[in-house]
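Examining the three-dimensional arrangement
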Amino acid sequence: MTLAPRPDARPGAPQRRSLRRPLRRALRERFVEAPLLVAALVSIFTTVGIVAVLVFETFEFFHEVPLWRFLTDTQWTPLFSEKYFGIVVLLSATVLTSFGAMVVALPLGLLAAVYLSEYASPGVRRAVKPVLEILAGIPTVVYGYFALLFVTPILQALIPGTAVFNGASAALVIGIMILPMVSSLSEDAMAAVPRALREGAYALGATRFEVAARVVVPAAFSGIVAAFMLAISRAVGETMIVAIAAGQSPTLTLSPLVPIETMTAYIVQVSLGDTPYGSLEYKTIFAVGMALFLLTLALNVASQSVLARFREEYP
Amino acid sequence: MVNDSASLATGLRSALAALSADRVVARVGAAAGADSAPAFAIRGLSLWYGHFQALRDITLDVASRRITALIGPSGCGKSTLLRCLNRMNELIPQVRIGGQVLFQGEDLYAPQTDPVEVRRRIGMVFQKPNPVPKSVYDNVAFGLRINGYQGKLDDLVERALRRAALWDEVRDKLRQSGLALSGGQQQRLCIARALAVEPEVLLMDEPCSALDPIATYKIEELMTELKRDYTIVIVTHNMQQASRVSDYTAFMLAGEDRAGALVECGETRSFFTNPRDKRTEDYVTGRFG
């Protein structure tokens with residue numbers, strides 16, 4: 001076969017096209033890119049702005065109140081005339097409610113996920129998962145009143161001497177609130193474990209439970225830890241439920257049956273009141289917010305290192 | 001004893017029924033000499049995934065301590081048939097099974113049969129090596145542990161790895177991840193894992209399809225070695241492999257409605273050189289499939 005002449009050598013053929021980008025297309029690309037960039041920058045600037053304000057106001061706060069008082073006082077009374085600034089009071093309440101919520105949500109959530117992933121028929125799974133996700137969509141203020149008006153009376157009937165506002169009720173209900181998150185995300189992680197791994201175990205004579213406990217959960221471990229950590233962050237940051245059900249009296253206690261005030265509940269209390277701008281009370285909410293921010297940051301860092309250490313790779 | 005004679009009776013009855021219905025009865029077990037009792041007697045086995053029939057009326061004997069190869073084009077149901085032999089299919093929802101599979105005279109699908117016990121005695125090796133993301137040692141010990149072996153497993157692990165012709169290659173890597181081994185080593189690790197629990201049968205679902213020729217050769221050599229103690233059923237795409245390693249060959253083909261059926265089976269020696277069925281001849285001579 002001989003080489004044919006180029007088609008554009010024929011008379012009337014269109015002119016050869018240049019490889020240069022047409023101007024119109026270049027402009028269009030530019031116009032598409034700009035809003036995308038702006039959208040990305042909005043979230044970055046917001047984050048930077050929040051951190052900057054937190055840092056600035058916290059700095060101001062520690063100008064007036066020394067750090068050691070913040071860390072060592074055992075009372076929290078910035079709104080009274082005799083002021084104490086022991087963050088440990090609010091921190092203990094946050095830890096108490098979050099820990100209680102974890103005790104409820106982690107085992108239940110993991111068991112629910114194992115059930116959904118390994119035991120439930122596809123029909124049951126299709127029905128249950130959306131219900132769980134609806135549970136995640138209930139406004140937290142509804143949960144708060146559920147805790148105060150439904151759970152607390154039950155607790156009071158079961159355990160005499162339980163106060164109207166108490167940590168246990170809030171912890172239980174936060175646990176219920178984050179349960180769908182734990183189970184749904186854990187189930188996703190388990191569903192991603194290859195079927196071949198399960199079949200290998202079944203073929204060795206493993207029961208369903210052995211497959212779940214010895215193959216699926218270890219293989220999905222990193223995803224499950226990620227679910228747990230997200231849930232803990234949610235519990236630590238939860239505001240409405242604790243503000244409504246746990247009370248607003250800062251008390252340094254380990255008892256779940258008395259009124260307490262968490263870090264988030266304190267911020268709400270001050271923000272809703274008529275605290276003048278720039279006053280010391282006003283600055284306390286930034287100091288508390290900073291402490292809360294550091295707490296969740298520490299949780300995130302901890303979860304990253306846990307993930308890095310325990311990751312089980314599978315093909 | 002009572003149970004034995006009862007199951008023998010049902011076995012005989014179904015065998016007679018099969019004969020009178022003029023089905024393709026594969027009496028390969030009868031030719032096996034000393035081990036004349038078949039390991040598996042499959043009688044009129046059908047299987048449905050929902051409304052789709054994947055297997056139709058399969059009747060086949062599988063000889064004890066021999067290698068039986070299941071061959072056929074993709075989608076003919078040979079893997080499905082293999083998975084009926086250790087009840088792996090019922091892990092898939094909406095599977096229905098009709099007919100009988102007798103293992104040493106016992107009905108695998110009887111209500112009182114425990115699928116966990118079935119799978120412990122009938123081991124399986126899969127198409128893709130599937131070690132768990134744990135150490136070589138733990139992979140082999142896994143089956144032992146779930147079957148309740150206590151105490152020191154070292155000797156049992158070593159024995160299983162030796163049997164799978166892997167010991168010399170991994171003796172210094174027992175604590176390394178099983179996934180760090182090569183594909184062929186991983187597959188032998190899976191064989192070792194299956195052998196560790198002392199099964200009576202080894203089902204192999206295209207065990208070499210993900211391996212290179214040298215690894216394939218090692219696995220085939222191993223199979224020939226293992227058949228002295230184990231009944232082996234292997235599904236393979238590769239007709240050369242079937243003719244190299246197997247004693248008996250069964251050929252399956254999907255019908256018009258895509259339901260897999262048995263076409264022909266017999267001793268491998270005559271199967272490839274002297275097929276009785278025209279479709280078998282077309283397949284083994286490479287005219288389709």
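Residues numbered from 1 in each chain as written. Chains lettered and ligands numbered in written order. Predicted model: local features only at pLDDT ≥ 70, side-chain atom pairs only at ≥ 80, totals over all residues. Heavy atoms only, no water.

1. Comments concerning the overall build of chain A
To keep things clear, this is the line we draw: What counts as a helix is a DSSP run of H or I of at least four residues, what counts as a strand is a run of E of at least two, and both are numbered from the N terminus. Contact criterion: two residues are considered in contact whenever any of their non-hydrogen atoms come within 4.5 Å of each other. Here the accessible surface of atoms and residues is derived via Shrake-Rupley with a 1.4 Å probe, and residues count as covered only by protein chains that are part of the display. A positive count includes Lys and Arg, and a negative count includes Asp and Glu. His and the chain ends are not counted in either. Charge placement uses NZ in Lys and CZ in Arg. For Asp and Glu, CG and CD serve respectively.
Check the secondary structure of chain A and you find 12 helices and 0 strands. The dimensions of chain A, computed from C-alpha atoms along their principal axes, are 100 × 65 × 35 Å. Summarising the internal contacts of chain A: among those between residues at least 6 apart in sequence, 69% fall at separations of at least 24. Here chain A has roughly 17,800 Å² of accessible surface; of this, 69% comes from carbon and sulfur atoms. Charge centroids of chain A, computed over 23 positive and 20 negative side chains, lie 19 Å from each other.

2. Here we look at the overall build of chain B
To keep it simple, the criterion reads: Exposure classes here rest on a 1.4 Å probe applied to the protein chains alone. A residue is buried below 20% of its type maximum, exposed above 50%, and partly exposed in between.
Each helix and strand in chain B was counted, giving 11 helices and 10 strands. In chain B, buried positions account for 54% of the 289 residues.

3. Focus on the interface of chain A and chain B
Operational definition: Summed over both partners, the accessible area lost on bringing two parts together, with a 1.4 Å probe, is the buried area. Every case where a carboxyl oxygen of Asp or Glu lies within 4 Å of a side-chain nitrogen of Lys or Arg is listed as a salt bridge. Within 3.5 Å is the distance limit for a polar contact, defined as a pair of N or O atoms, with the added protein rule that one can donate a hydrogen and the other accept it, and that residues adjacent in sequence qualify only through two side-chain atoms. Note on residue classes: Ala, Val, Leu, Ile, Met, Phe, Trp, Tyr, Cys and Pro are nonpolar, Asp, Glu, Lys and Arg are charged, and everything else, Gly too, is polar.
Contacts between the two partners involve 21 residues from chain A and, on the opposite side, 27 residues from chain B. When chain A packs against chain B, the two sides together hide about 2,000 Å² of surface, and 66% of this comes from carbon and sulfur. When the buried area of chain A at its contact with chain B is split by residue, Ala 203, Leu 204 and Arg 214 of chain A rank highest and sum to 32% of it. For the interface between chain A and chain B, the tally reads 1 salt bridge. Measuring nitrogen to oxygen at the nearest pair gives 2.7 Å for the salt bridge that ties Arg 83 of chain B to Glu 199 of chain A. At the junction of chain A with chain B, the criterion picks out 4 residue pairs in polar contact (both at pLDDT 80 or more). Counting residues per element, the ones that place at least two in the side of chain A that touches chain B are helix 7 (195–203) and helix 8 (208–219) of chain A. When residues in the side of chain A that touches chain B are grouped by element, the largest group, 8 residues, is from helix 7 of chain A. Split into classes, the residues belonging to the side of chain A that touches chain B amount to 12 nonpolar, 3 polar and 6 charged.

4. Overview of the domain arrangement of chain A
All names here are of chain A. The cut-off we apply is this: An automatic or database domain assignment is the source of the domain bounds shown.
Structurally, chain A comprises domain 1 (23–64) and domain 2 (87–310). Look at where the C-alpha atoms of domain 1 and domain 2 centre, and you get two points 30 Å apart. Each side of the interface is counted separately: domain 1 has 9 residues, and domain 2 has 9 residues. The three residues of domain 1 that bury the most area against domain 2 are Leu 54, Glu 57 and Phe 61, which together make up 56% of that side's buried surface. Lys 283 serves as the salt-bridge partner of Glu 64, at 2.7 Å between the closest nitrogen and oxygen. Seen at the junction of domain 1 and domain 2, the total is 2 residue pairs in polar contact (both at pLDDT 80 or more). Class assignment for the residues of the side of domain 1 that touches domain 2 results in 5 nonpolar, 1 polar and 3 charged.

5. Describing the pairing of strand 1 (residues 40–49) of chain B
Residues in a regular strand point their side chains to alternate faces of the sheet. Residues and elements named next belong to chain B. Stated precisely, the cut-off is as follows: Here, strands pair whenever DSSP counts at least two bridges between them.
Where burial is concerned, most of strand 1 is hidden: 8 out of the 10 residues are buried. In sequence, strand 1 turns back onto strand 2 (residues 52–62) through a hairpin of 2 residues, with Gly 50 there showing a positive phi of about 60°. Here 8 bridges tie strand 1 to strand 4 (residues 95–103), and the two strands are oriented antiparallel to one another. Across the sheet, residue Phe 40 finds its bridge partner in strand 4, namely Phe 103.

6. As for helix 3 (residues 87–119) of chain A
Applied cut-off: Expected helix span is taken as 1.5 Å per residue step, with the number of steps being one fewer than the number of residues. The angle between axes fitted to the seven-residue stretch ending at a residue and the seven-residue stretch beginning at it gives the bend at that residue.
With 33 residues, helix 3 of chain A should cover 48 Å at 1.5 Å per step; its first-to-last C-alpha distance of 46 Å lies within 8% of that length. Along its length, helix 3 of chain A reaches its greatest deviation from straightness, about 25°, at Met 102 of chain A.

7. A look at the pairing of strand 10 (residues 260–267) of chain B
Burial analysis of strand 10 of chain B places 6 of its 8 residues in the buried class, which makes it a mostly covered element. Linkage of strand 9 (residues 248–254) of chain B to strand 10 of chain B, two consecutive antiparallel strands, is achieved through a turn of 5 residues, within which Arg 258 of chain B is found at a positive phi near 70°.

8. Focus on the nonpolar core
Our working rule: Take the buried residues of types Ala, Val, Leu, Ile, Met, Phe, Trp, Tyr and Cys, join any two whose side-chain atoms come within 4.5 Å, and each joined set is a nonpolar core.
Counting 112 residues, the largest nonpolar core has Phe 40, Ile 58, Leu 60 and Leu 81 of chain B as its most contacted members. Listed in part, the 46 residues of the second largest apolar core include Ile 71, Val 170, Ile 191 and Leu 195 of chain B.

9. Structural notes on a nonpolar patch on the surface
Residue and element names in this part refer to chain A. To be explicit about the condition: Surface patches are defined over residues having more than 30% relative accessible area and no salt bridge, joining like charges when they lie within 9 Å and nonpolar side chains (Val, Leu, Ile, Met, Phe, Trp, Tyr) when within 5 Å.
On the surface, Ile 138, Val 141, Val 142, Tyr 145, Leu 149 and Met 240 cluster together to form a nonpolar patch covering roughly 500 Å² of accessible area. Here the nonpolar patch takes 4 residues from helix 5 (residues 140–158), the largest share from any one element. Topologically, Val 142 is positioned in helix 5. According to the relative accessible area criterion, Val 142 is partly exposed, its value standing at 45%.

10. A short note on the side chain of Thr 113 of chain B
Residues and elements named next belong to chain B. Topologically, Thr 113 is positioned in the loop between strand 5 (106–107) and helix 3 (115–121). A polar side-chain atom of Thr 113 sits 2.8 Å from the main-chain carbonyl oxygen of Asp 107. Non-local contacts of Thr 113, meaning those with residues more than four positions away in its chain, are made with Arg 87, Asp 107, Leu 108 and Val 118.

11. Observations concerning unusual backbone geometry
Residue and element names in this part refer to chain B. Not every positive phi belongs to a glycine, and Arg 87 is a case in point at roughly 60°. On the secondary structure map, Arg 87 appears in the loop between helix 2 (78–84) and strand 4. Using a relative accessible area of 10% as the deciding quantity, one classes Arg 87 as buried. Although it is not a glycine, Ala 165 sits at a positive phi angle of roughly 55°. Position of Ala 165 among the secondary structure elements: in the loop between helix 5 (154–163) and helix 6 (167–170). For Ala 165, a relative accessible area of 42% puts it in the partly exposed group.

12. Side note on the packing of helix 3 of chain A against helix 4 (residues 122–137) of chain A
Residue and element names in this part refer to chain A. Definition in use: Axis geometry follows a simple rule: fit a line to the C-alpha atoms, using only the stretch in contact for helices, then measure angles between N-to-C directions, giving values from 0 to 180 degrees. Here the word oblique covers every angle except those under 35 degrees (roughly parallel), over 145 (roughly antiparallel) and from 65 to 115 (roughly perpendicular). Less than a right angle of anticlockwise turn of the near helix away from the far helix marks a crossing as left-handed, whereas a clockwise turn marks it as right-handed.
Contact geometry of helix 3 with helix 4 gives a least axis separation of 10 Å together with a crossing angle of 150°. Taken together, helix 3 and helix 4 sit at an angle that is classed as roughly antiparallel. When you trace helix 3 past helix 4, the crossing you get is left-handed. The residues of helix 4 that touch helix 3, namely those facing Tyr 115, Leu 116 and Ser 117, are Val 124, Arg 125, Val 128, Lys 129 and Leu 132.

13. What about the environment of Ala 93 of chain A?
Residues and elements named next belong to chain A. With respect to the helices and strands, the residue Ala 93 is situated in helix 3. For Ala 93, a relative accessible area of 2% translates into the label buried. C-alpha separation for the pair Ala 93 and Leu 254, spaced 161 residues apart in sequence, amounts to 8.1 Å. With near-sequence residues (within four places) excluded, Ala 93 lies in contact with Ile 260, Glu 261 and Thr 262.

14. Notes on the packing of helix 3 of chain A against helix 6 (residues 167–191) of chain A
Residues and elements named next belong to chain A. The contact between helix 3 and helix 6 brings their axes to 6 Å, and the two run at 35°. Note that helix 3 runs across helix 6; the crossing there is right-handed. For the contact of helix 3 with helix 6, a count of residues per class yields 20 nonpolar, 8 polar and 1 charged.

15. Brief notes about the packing of aromatic side chains
This is how it is decided: A pair of Phe, Tyr and Trp rings is counted when the ring centres sit within 6.5 Å of each other, with Trp represented by its six-membered ring. The angle between the planes then sorts it: under 30 degrees is stacked, over 60 is edge-to-face, the rest tilted.
The tally for this structure, following the rule as stated, stands at 13 aromatic pairs over all chains. Ring plane angle 75° and centroid distance 5.7 Å describe the contact between Phe 61 of chain A and Phe 85 of chain A, whose orientation is recorded as edge-to-face. Residue Phe 61 of chain A is found in helix 1 (residues 23–64), and its partner Phe 85 of chain A is found in the loop between helix 2 (67–72) and helix 3; the two are separated by 24 residues along the sequence. Assessed through its relative accessible area of 0%, Phe 61 of chain A is described here as buried. Classification of Phe 85 of chain A by relative accessible area gives buried; the value is 2%. Between Phe 251 of chain B and Tyr 283 of chain B the ring centres are 4.8 Å apart and the planes differ by 25°, which places this aromatic pair in the stacked class. Taken together, the residues span a long stretch of sequence, with Phe 251 of chain B in strand 9 and Tyr 283 of chain B in helix 11 (residues 278–284) at a distance of 32 residues. Of the two residues, Phe 251 of chain B and Tyr 283 of chain B, both sit in the buried class. Connected via pairs of aromatic rings, a cluster forms that spans Phe 61, Phe 62, Phe 70, Trp 76, Phe 85 and Tyr 266 of chain A.

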